[in-house]
Amino acid sequence: MATDLQDTVHAVEAAAVMRLLPVRPRLLALGEPTHGEDALLDLRNALFRQLVEQEGYRTIAIESDCVAGLIVDDYVTSGTGSLDDAMEHGFSHGWGAFAANRELVRWMRAYNVRLDDDGRPASERLRFAGFDGPLEITHAASPRQALTALHGYLGAHVDVDLLPCTAETLDRLLGSDGRWTDPAAMRDPSRSAGRSAEAGELRLIADDLVALLDAQSPHLITATSREDRYRAHLHGRTATGLLRYHHWMADTSPGRLTRLVGVRDQMMAHNLLAVASRGPAFVHAHNSHLQREKSTMRMGGRPLEWWGAGALVSARLGEAYAFVATALGTIRHQGVDTPPPDTVEGLLYALPEDRCVIDTPTLATALADTRPAPRVSPWFGYAPLDPAHLSGSDGIVFVKDVPQS
């Protein structure tokens, strides 16, 4: 078995990953089975640098707030603000505190100004994107920022009589942001504002604003920049997605949590498709968001199953979407020790390489009729590779031992 498995092994390099794929993908997604490990973020950074320098990729999209991510994009493309500001305000989920993320942003800015004082041409500059919604596991943001940005953009460029409401009406309906962000609403639907009369009106207004954005596109293409239009559409997606998310936070049916995780991944998918419209991009997030199979988890004591962003995007893009999962041997500082030898991770752990890229079709052939057992994690923060999902990935990046950050 070991000899056969050795035939599947390649160096962890962008060129090796690209050789696994039938075509150059528009979205190349690298998943991770746990969050917050510097070793995995450093590996991501190295692959992105190679994809930029060898394969012409220009954008990286990570599992972070799509609206906040505009701050990072402004910094890396034009130097707006400072690196400290970008790290503090441009990331969600605490990602701005990680040294590897800071190094990623620093390197992207340096790359964009490396040629001369004027920097690279706009078409060659690296771009940063968050593709998550403004959501946390405990709460969701107010739709205020997205709605007012879209309303302001349209108010500046189309006949104000076409707007569904005034800015003052929008502000009154939104009310205080605290009524939207109450963390108690995640466990108590009665605390959510998502099905209030005002929320109902705002959903109609958001729909009308997005429809107006589309209806006025011939004019807006000539009157505004491509970047401004991109951001207006991002704000429209975010506003409608957040209002839908808040609506389901107020739901009391058994399907409430499944709806919430599904809405979040749908927002992710729409953001990824928009990123893909700009050109080839490298995507990094949890395996569960990027895999082609249905995602599963337990939340609130209930098993949940839904189609994640990767499954939705793959259905739209076909071979233009590629997914490479990351699998790990040990995370000893989290109590994840040597994997059992009959699991996928255990089989790969027996290889001599500390890290490698695995050709999954060849791996499936090497395994033949052997059916690896699913690995069970002693730590909730790590999700082992599901052996039933092997055929759904285009490759595996295997890291034998993850050192403590």
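Everything numeric here is computed off the predicted structure, so don't read it as measured data.

1. Here's the deal with the sheet that holds strand β5 (residues 281-286)
No. 1: Sheet architecture is open: eight strands sit in the order β1-β9-β10-β8-β2-β5-β3-β4, paired in mixed fashion. Each edge of the sheet is formed by a strand with only one pairing partner; in this case those strands are β1 (9-10) and β4 (127-132).
No. 2: When strand β9 (residues 355-358) meets strand β10 (residues 395-401), the two strands line up antiparallel, connected through four bridges. Across the sheet, V357 pairs through a bridge with V397, a residue of β10.
No. 3: Against the sheet, helix α13 (residues 256-276) touches β2 (27-32), β3 (59-65), β4 and β5, its axis set at about 155 degrees to β4.

2. Observations regarding the packing of aromatic side chains
No. 1: This structure, assessed with the given rule, holds six aromatic pairs.
No. 2: Plain terms: the ring middles of W95 and F98 are 5.7 Å apart, the flat faces sit at 55 degrees to each other, and that makes the pair tilted.
No. 3: Under the relative-accessibility criterion, W95 is labelled buried at 13%.
No. 4: For F98, a relative accessible area of 21% corresponds to the partly exposed category.
No. 5: Taking the centre distance of 5.5 Å and the plane angle of 40 degrees together, the rings of W107 and Y111 count as tilted. Of the two residues, W107 and Y111 are both situated in helix α6 (residues 99-112); the distance of four residues between them amounts to about one turn of the helix.
No. 6: In this structure an aromatic cluster arises from ring pairing among F48, W107, Y111 and F282.
No. 7: One residue, R120, lies across the ring of Y111, its end atom 3.7 Å from the ring centre.
No. 8: Its end group placed over the ring of W248, R195 keeps NZ or CZ at 5.2 Å from the ring centre.

3. Comments concerning unusual backbone geometry
Leaving glycine aside, a negative phi is the common case for residues, and trans is the common case for peptide bonds.
No. 1: For H93, which is not a glycine, the phi torsion comes out positive at approximately 60 degrees.
No. 2: H93 sits in the partly exposed class, given a relative accessible area of 25%.

4. Some remarks on helix α15 (residues 309-317)
No. 1: Those residues of α15 lying buried are A309, G310, A311, V313 and S314.
No. 2: Of the surrounding elements, those touching the buried residues of α15 are β2, α13, α14 (287-290) and β8 (321-330).
No. 3: Once α15 ends, the next one or two residues include G318, with phi positive near 60 degrees.

Criteria and thresholds
- Residues numbered from 1 in each chain as written.
- Predicted model: local features only at pLDDT ≥ 70, side-chain atom pairs only at ≥ 80, totals over all residues.
- Heavy atoms only, no water.
- Pairing = 2+ DSSP bridges.
- Helix = DSSP H or I, 4+ residues; strand = E, 2+ residues; numbered from the N terminus.
- Contact = heavy atoms within 4.5 Å.
- Axes fitted to C-alpha atoms, helices over the stretch in contact; angles between N-to-C directions.
- Phe/Tyr/Trp six-rings, centres within 6.5 Å; stacked < 30°, edge-to-face > 60°.
- Buried < 20%, exposed > 50% of the residue type's maximum accessible area, 1.4 Å probe, protein only.
- Lys NZ or Arg CZ within 6 Å of the ring centre and 35° of its normal.

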